[in-house]
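# Survey of secondary and tertiary structure
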Amino acid sequence: MSETTVDFSPAAAPLAEKLLEPALEIIARYPVGRERSALLPLLHLVQTEEGHVSPRGVAFCAEILGINKAQVGAVATFYTMYKRRPTGEYLVSVCTNTLCNVMGGQEVYDGLVEHLGVGHDETTADGKITLEHAECLAACDYAPVVTVNYDFAIDNTTPQAAVDLVEQLRKDERPAPIRGARICSLKQMQHQLAGFGDEREGAVADGPAGAPTLRGVSLAQEHGIAVANFNIDAPITTTKPARDESAKAVKDPGPARQKPAETGKVAAAGRKAVGAVKAAAATVADKAPRRTTGGRGKAKAGEPTSAGDVKDPQVRTAEQRNPDASTPAPDASKTDATPVPSNPAEAAGVAGNQPAGDGKPAGDSVGNEEKK
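A quick note: this is a predicted structure, and the numbers were derived from the prediction, not measured.

### Describing the packing of aromatic side chains
Overall, the coordinates contain three aromatic pairs when judged by the stated rule. A ring pair is formed by Phe8 and Phe60, whose centres lie 5.7 Å apart and whose planes are at 25°; its orientation type is stacked. Of this pair, Phe8 sits in the segment before α1 (13–27) while Phe60 sits in helix α3 (residues 55–65), placing them 52 residues apart in sequence. Taken as a pair, Phe8 and Phe60 share a single burial class, namely buried. Aromatic side chains Tyr79 and Tyr82 sit 6.1 Å apart centroid to centroid with 85° between the ring planes, which places their arrangement in the edge-to-face category. By relative accessible area, Tyr79 is classed as partly exposed at 42%. Of the residues examined, Tyr82 reaches a relative accessible area of 6% and is grouped as buried. By way of ring pairs, the aromatic residues Phe78, Tyr79 and Tyr82 are connected into one cluster. The residue whose ring lies beneath Arg29 is Phe196, and the NZ or CZ to ring-centre distance is 4.9 Å.

### Some words on α3
Helical geometry note: an α-helix holds 3.6 residues per turn, so side chains three or four residues apart project in the same direction. α3 sits mainly inside the fold: eight of its eleven residues count as buried. Burial in α3 covers these residues: Gly57, Val58, Ala59, Phe60, Cys61, Ala62, Ile64 and Leu65. For α3, the elements touching its buried residues are α1, α2 (39–50) and α4 (69–76).

### Focus on the sheet that holds strand β3 (residues 129–134)
Two strands in a sheet stick together by hydrogen bonds in their backbones, pointing the same way (parallel) or opposite ways (antiparallel). Spatially, β2-β3-β1-β4-β5 is the arrangement adopted by the five strands of the open sheet, whose pairing is mixed. Whereas interior strands pair on both sides, the edge strands pair on one side only; in this sheet they are β2 (122–123) and β5 (151–154). Bridge analysis of strand β4 (residues 146–148) against β5 gives three bridges, and the strand direction is antiparallel. Paired with Val146 across the strands is Ile154, a residue of β5.

### Overview of unusual backbone geometry
Across the chain, the bulk of peptide bonds are trans and the bulk of non-glycine residues have phi less than zero. In this structure, the amide linkage connecting Ala143 to the following residue, Pro144, adopts the cis form with an omega of -5°. Tracing the backbone shows Pro144 in the loop between β3 and β4. Non-glycine residue Tyr150 carries a positive phi angle of around 75°. Even without a glycine there, the phi angle at Asp172 is positive, about 65°.

### Describing the packing of α2 against helix α8 (residues 186–193)
One way to put it is that α2 packs onto α8 with a least axis distance of 8 Å and a crossing angle of 160°. Taken together, α2 and α8 sit at an angle that is classed as roughly antiparallel. α8 is crossed by α2, and the crossing has left-handed handedness. Touching His44, Gln47, Thr48, Glu49 and Glu50 of α2 are Lys187, Gln190, His191 and Leu193, all from α8.

### A few points about helix α6 (residues 105–116)
Over its twelve residues, α6 extends 17 Å from the first C-alpha to the last, a length consistent with the 16 Å expected when each residue adds 1.5 Å. All of the buried residues along α6 are Gly105, Val108, Tyr109, Gly111, Leu112 and Leu116. Angularly, the buried residues of α6 cover 160° about the axis, an arc narrow enough to put them on a single face. Next to the buried residues of α6 lie β1 (90–95), α5 (98–102), β3, β4 and α7 (159–170). Backbone geometry just after α6 places Gly117 at a positive phi near 75°.

### Topic: the nonpolar core
Among the nonpolar cores identified, the biggest contains 29 residues, and Leu42, Leu43, Leu45, Phe60, Cys61, Ile64 and Val72 are the most heavily contacted of them. The set of elements that each furnish at least two residues to this core consists of α1, α2, α3 and α4. Counting 20 residues, the second-largest nonpolar core is a separate cluster that includes Tyr90, Val94, Val146 and Ala162.

### Some remarks on the side chain of Thr147
As for its position among the elements, Thr147 is in strand β4. If near-sequence neighbours (up to four positions away) are discounted, Thr147 is found in contact with Leu91, Val92, Ser93, Leu137, Phe152 and Ala153.

The rules behind these values
- Residues numbered from 1 in each chain as written.
- Predicted model: local features only at pLDDT ≥ 70, side-chain atom pairs only at ≥ 80, totals over all residues.
- Heavy atoms only, no water.
- Phe/Tyr/Trp six-rings, centres within 6.5 Å; stacked < 30°, edge-to-face > 60°.
- Helix = DSSP H or I, 4+ residues; strand = E, 2+ residues; numbered from the N terminus.
- Buried < 20%, exposed > 50% of the residue type's maximum accessible area, 1.4 Å probe, protein only.
- Lys NZ or Arg CZ within 6 Å of the ring centre and 35° of its normal.
- Contact = heavy atoms within 4.5 Å.
- Pairing = 2+ DSSP bridges.
- Axes fitted to C-alpha atoms, helices over the stretch in contact; angles between N-to-C directions.
- Parallel < 35°, antiparallel > 145°, perpendicular 65-115°, else oblique.
- Left-handed = near helix turned anticlockwise from the far one by under 90°.
- Expected span 1.5 Å × (residues − 1).
- Arc of directions from axis to C-beta.
- Core = buried A, V, L, I, M, F, W, Y, C linked by side-chain atoms within 4.5 Å.

Laid out in structure tokens, this is it:
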């Protein structure tokens, strides 16, 4: 792909001058013929420069991958991490899903809305903060949580703690998160999401997991609960075990079928239930009436006879309502235009819902007609 020359349109050319080299590096990660799979990281790459997926970003992705802009737009509008309008330097997300909501997530979000004067997916006038409520941030053990540019910033958040956080960000301060990587700008995060490492010193977090995450392990250790025969040092197989070639010539008969145990209350109850079902089925079959001919001939004893019209009732009804061309049309002067249903309940329903005779919906008033 790197040897291919792409003639970019005027819309895509400005981005191509800045992003062509990293874009080709992304595309080279995918097999030949599957380059369009690079669309997701390419959209993140566009956001490193634009801050959102702009129209020229869509054109750039489409032209470098050889697809149309509609295909790019379909992906860009499907995932919420692709922003379709300019986004602030810091994307502050507040989880308002079930558990975080119960633990006060909605109050945290409402407090930020009131303090910043913006709503969901809106940006402050200084361009620093874009606020959004998130459905789930995958940190229920620390609910409610707030992330900044998709990195965890505050656990067990309170409305005041969230306000203090955004004020620090607006002052160009980057407070150390309780856990997770150091806070970066949204464009820097998009560079990482495009598949490139964060080269800032100390950018990668290496802190241990917190107590809520390890609560299950600590309870197991406290009460002496462990998995039987578990060996933490057991090697993990990364390839399939070698197949025994000598076994190919011998057909594997499979495990010998064993006769179910004949003892035990459960087995006895199961056999009794099966026997009862079979007996009931035989009784129903014996009592089922056999149809006989109602014409001149008589059926012999024990011999089944023709059942007459064996069509499915629904098929027969459909044929009556929609006869074929060989069926003579009924005389409208002798028949009622509206057939009366034979079912009393259906007949009552039809009587209470008479259609309008002028073709308009029932209940339409004459006064609403346009005067000519």
